[in-house]
Amino acid sequence: ESAYYCGGGTLNIHGSILPEYRGAAPIQWSVLDGKEFAGVTSMQMNEGLDTGDILLVEKTKIEENETSGDLYERLTVLGADVLLKTLESIKTNSLNPQKQDDSKSSYAKMLDKSLSKIDWNLSAWEVHNKIRGLDPWPVALTTFDGKNLKLFRSRLLSENYNKQAGSVIKSKDGIIVVRENKKAVLI
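Residues numbered from 1 in each chain as written. Predicted model: local features only at pLDDT ≥ 70, side-chain atom pairs only at ≥ 80, totals over all residues. Heavy atoms only, no water.

*Asks:* Help me understand the sheet that holds strand β10 (residues 168-171) in this model?
*Replies:* Backbone hydrogen bonds hold the strands of a sheet together, and the pairing may be parallel or antiparallel. Taken in spatial order, the 4 strands line up as β9-β12-β11-β10 in an open sheet, and their pairing is antiparallel. Both edges of this open sheet fall to β9 (155-157) and β10, since each of them pairs with a single strand only. Between one strand and the next, the sheet's axes are offset by a mean angle of 25°, whatever the strand orientation. Inspection of the sheet shows β9 paired to strand β12 (residues 184-186) by 3 bridges, in the antiparallel sense. Bridge pairing links L156 to V185 in β12. (Pairing = 2+ DSSP bridges. Helix = DSSP H or I, 4+ residues; strand = E, 2+ residues; numbered from the N terminus. Axes fitted to C-alpha atoms, helices over the stretch in contact; angles between N-to-C directions.)

*Asks:* I tried to follow the environment of S103 on my own but got confused; where do I start?
*Replies:* Take S103: it is sitting in the loop between α2 (68-91) and β6 (107-108). Note: C-alpha distance between S103 and E159 (56 residues apart in sequence) is 40 Å. Engagement of the side chain of S103 in a polar contact is seen with the side chain of D101, the distance being 2.5 Å. (Polar contact = N/O pair within 3.5 Å; in protein donor to acceptor, adjacent residues only side chain to side chain.)

*Asks:* Mind showing me how you'd approach the pairing of β10 here?
*Replies:* Working note: regular strand, side chains alternate between the two faces of the sheet. Where β10 meets strand β11 (residues 174-178), 4 bridges bridge the pair, whose relative direction is antiparallel. In the strand pairing of β11, I169 is matched with I176. Between β10 and β11, which pair antiparallel and follow one another directly, the connecting turn spans 2 residues.

*Asks:* Would you mind going over the side chain of R22 with me for this structure?
*Replies:* Structurally, R22 is set in strand β3 (residues 22-23). Judged by its relative accessible area of 9%, R22 falls in the buried class. A polar contact is formed between the side chain of R22 and the side chain of D102, at a distance of 2.7 Å. Excluding residues that lie within four positions of it along the chain, R22 makes contacts with H14, L49, D50, T51, Q100, D102, S105, S106, Y107 and A108. (Buried < 20%, exposed > 50% of the residue type's maximum accessible area, 1.4 Å probe, protein only. Contact = heavy atoms within 4.5 Å.)

Any link to function would need more than the numbers given here.
Written out as structure tokens, the structure is:
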């Protein structure tokens, strides 16, 4: 997130589709919450936390196995494009600022290490989102065979496993953890 002085005010480039995910970690929470889309918003800053008028919004699909680190890299490029478009629109006086609908707002709280531990009672989709949402920091954690493991990547598996939820299978590709309805996640 960067702020730029622009004529009579300050312009902000924010890593979410405002008013959703105002705050410190919008990209990570988009992935953690399993959102289909993320984006970048240019906005006029005011005294509130990411509450100013929306100037431009660009959206992008979050890929199924994309981590928040991967998404951050894509959004930095998209953010530069949004900034250039916004500045050009200011120059040509063609912006149409829109007030944010506070009833649709959400807050993206800061991440900390207390979020790291994987709860294996979650669905395969929720475990997958947590692993990819906490990459590159603070990183998802679990224990396996008595050892602490940091989990940076995961993949949902489309095949059904004829095993009970909670079953762990070692494979040549990694560790498969079977969840609900015989769905699994590869870590």
